[in-house]
Amino acid sequence: MQAAVITGGGSGLGLALAKVYGKKYDKIILIGRNLKKLQNAKRLLEDEGVSCSIDQVDITDPGQADDFAKRAFHENAIRLLINNAGVGHFGPAETLSPAQVHEMIDTNVKGTIFMSQAFIRHFKEKGAGEILQIISTAGLRGKVNESVYNASKFAVRGYTEGLRKELAAADISIKAAYMGGMDTPFWVNSSHISDKSRLRDPLSIAQQIADQSLETDDILFD
Ligand SMILES: NC(=O)c1ccc[n+]([C@@H]2O[C@H](COP(=O)([O-])OP(=O)(O)OC[C@H]3O[C@@H](n4cnc5c(N)ncnc54)[C@H](OP(=O)(O)O)[C@@H]3O)[C@@H](O)[C@H]2O)c1
């Protein structure tokens with residue numbers, strides 16, 4: 001019985017990935033901070049016949065990441081970690097508050113690193129595993145009013161490329177997806193995107209990620 005873990009699985013792309021990967025894996029484990037969101041997501045997934053469990057984990061806390069990984073590997077045959085959780089704050093570079101800068105670096109960069117470390121330890125013991133990093137086209141090129149988000153996603157890309165080389169011999173596969181704007185709660189409190197009708201459907205992005213990850217390590221959109 002193979003299981004996949006999705007961070008930030010209570011909404012947006014994470015939930016869409018759970019629907020798609022729920023057809024490929026026997027069980028999906030969703031994590032996030034907001035229990036209500038996770039419970040709603042679990043109900044939706046179970047209505048679609050996906051076997052699902054949830055766990056409240058703040059990925060910015062390495063202790064929580066480690067404890068969760070220990071529990072999850074003890075109870076399940078985990079084959080895949082999708083590092084999807086992320087936050088974005090946008091605006092002229094000099095206007096971002098220290099709290100916004102900290103939140104983006106802590107979540108997007110350190111959260112991805114702490115979760116990856118926690119899982120790599122167990123994947124090495126098992127002799128196999130896969131990590132899929134949800135990055136963004138903001139990890140490929142700079143964009144106006146996205147400087148710190150750009151910095152965080154470039155950092156995840158660098159981390160991912162390093163891991164891929166380091167873990168090739170350990171039979172742990174490291175994949176990355178770089179997509180543009182999607183219609184998710186990510187934009188709810190933001191005026192950064194003026195024409196939201198151009199945002200893509202997260203379910204179709206999730207399906208393309210699952211399909212393309214069978215053929216390539218770097219999944220590029222647009
Ligand atoms: N939407 C876009 O246009 C777009 C484009 C390219 C890339 N992306 C990337 O796609 C990923 C998913 O974003 P989304 O668009 O689906 O937005 P979203 O619906 O806001 O999802 C982000 C998720 O991250 C979780 N999260 C945030 N901080 C966390 C923490 N400290 N610990 C655990 N979970 C945390 C949130 O759950 P809780 O609140 O429950 O913690 C939330 O469910 C992000 O990495 C984002 O950068 C988004």
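Only a predicted model underlies this, so the values are computations on that prediction, with no experimental measurement involved.

Undergrad: It is not clear to me how the sheet that holds strand S1 (residues 2–7) should be interpreted in this structure. Could you clarify?
TA: Backbone-to-backbone hydrogen bonds pair the strands of a sheet. The strands run either parallel or antiparallel. Strand order in the open sheet formed by seven strands is S3-S2-S1-S4-S5-S6-S7, and the pairing between neighbours is parallel. Only two strands of the sheet have a single partner each, and these edge strands are strand S3 (52–56) and strand S7 (218–220). The sheet shows a mean angle of 20° between the axes of neighbouring strands, taken without regard to direction. Relative to strand S6 (residues 172–178), strand S5 (residues 129–134) runs parallel, the two sharing six bridges. Counterpart to Leu132 in the pairing with S6 is Lys175. Running over the sheet, helix H3 (residues 62–75) touches S1, strand S2 (27–32), S3 and strand S4 (77–83) and is turned about 155° from S3. Set on the sheet, helix H4 (residues 98–126) makes contact with S1, S2, S4, S5 and S6; between it and S4 the angle comes to about 160°.

Undergrad: Would you explain the nonpolar core in this entry?
TA: For soluble globular proteins, the rule of thumb is that nonpolar side chains tend to be buried together. Residues Tyr21 and Ile209 are the most contacted members of the largest nonpolar core, which totals 30 residues. Of all the secondary structure elements, the ones that give two or more residues to this core are S1, helix H1 (12–21), S2, helix H2 (35–47), S4, S5 and helix H6 (202–212). Take this core: its biggest share by element is seven residues, from H1. Residues contacting Ile209, with those up to four places away along its chain left out, are Leu13, Leu17, Tyr21, Leu132, Ile134, Ala177, Met179, Ile219 and Phe221.

Undergrad: Mind showing me how you'd approach the site of the ligand here?
TA: Close to the ligand lie 30 residues, the nearest being Ser11, Arg33, Tyr149, Met182 and Thr184. Leu13 is positioned such that a nitrogen or oxygen atom in its backbone is 2.8 Å from an oxygen atom of the ligand. For the ligand, the protein covers 95% of the area, taking 880 Å² as the surface of the free molecule. Looking at the shell around the ligand, the elements that each hand over two or more residues are H1 and helix H5 (147–167).

Undergrad: Got a minute to help me understand the packing of aromatic side chains in this structure?
TA: Two numbers describe a pair of aromatic rings. These are the distance of the centres and the angle of the planes. Tallied over the entire structure, the rule returns 10 aromatic pairs. With 5.6 Å between their ring centres and 80° between their planes, Phe73 and Phe123 make a pair best called edge-to-face. Of this pair, Phe73 sits in helix H3 while Phe123 is found in helix H4, placing the two residues 50 residues apart along the sequence. Just as Phe73 is buried, Phe123 falls in that class too. Among the aromatic side chains, those forming a connected cluster through ring pairs are Phe68, Phe73, Phe119 and Phe123. Cation over ring: Arg157 sits above Phe154, and NZ or CZ is 5.7 Å from the ring centre.

Undergrad: What am I meant to see in unusual backbone geometry here?
TA: Positive phi outside glycine occurs at Asn145, with the angle close to 65°. Tracing the backbone through its elements, the reader meets Asn145 in the loop between S5 and H5. Unlike most non-glycine residues, Asp171 shows phi in positive territory, near 65°. With respect to the secondary-structure elements, Asp171 resides in the loop between H5 and S6.

Undergrad: Would you explain the pairing of S2 in this entry?
TA: On a regular strand, each side chain points to the face opposite its neighbour's, so the side chains alternate between the two faces of the sheet. With six of its six residues buried, S2 lies for the most part within the structure. Residues Lys27, Ile29 and Ile31 of S2 are buried on one face, and the alternating residues Ile28, Leu30 and Gly32, pointing to the opposite face, are buried as well. Handedness of the crossover joining S1 and S2 through H1: right-handed. For S2 and S3, the ladder comprises five bridges, and the chain directions are parallel. Looking at the pairing, Leu30 lines up with Ile54 of S3.

About the thresholds
- Residues numbered from 1 in each chain as written.
- Predicted model: local features only at pLDDT ≥ 70, side-chain atom pairs only at ≥ 80, totals over all residues.
- Heavy atoms only, no water.
- Pairing = 2+ DSSP bridges.
- Helix = DSSP H or I, 4+ residues; strand = E, 2+ residues; numbered from the N terminus.
- Axes fitted to C-alpha atoms, helices over the stretch in contact; angles between N-to-C directions.
- Contact = heavy atoms within 4.5 Å.
- Core = buried A, V, L, I, M, F, W, Y, C linked by side-chain atoms within 4.5 Å.
- Buried < 20%, exposed > 50% of the residue type's maximum accessible area, 1.4 Å probe, protein only.
- Near = heavy atom within 4 Å.
- Polar contact = N/O pair within 3.5 Å; in protein donor to acceptor, adjacent residues only side chain to side chain.
- Areas by Shrake-Rupley, 256 points an atom, 1.4 Å probe, with all protein chains shown as cover.
- Phe/Tyr/Trp six-rings, centres within 6.5 Å; stacked < 30°, edge-to-face > 60°.
- Lys NZ or Arg CZ within 6 Å of the ring centre and 35° of its normal.
- Right-handed = clockwise from strand over helix to strand, strands pointing away.

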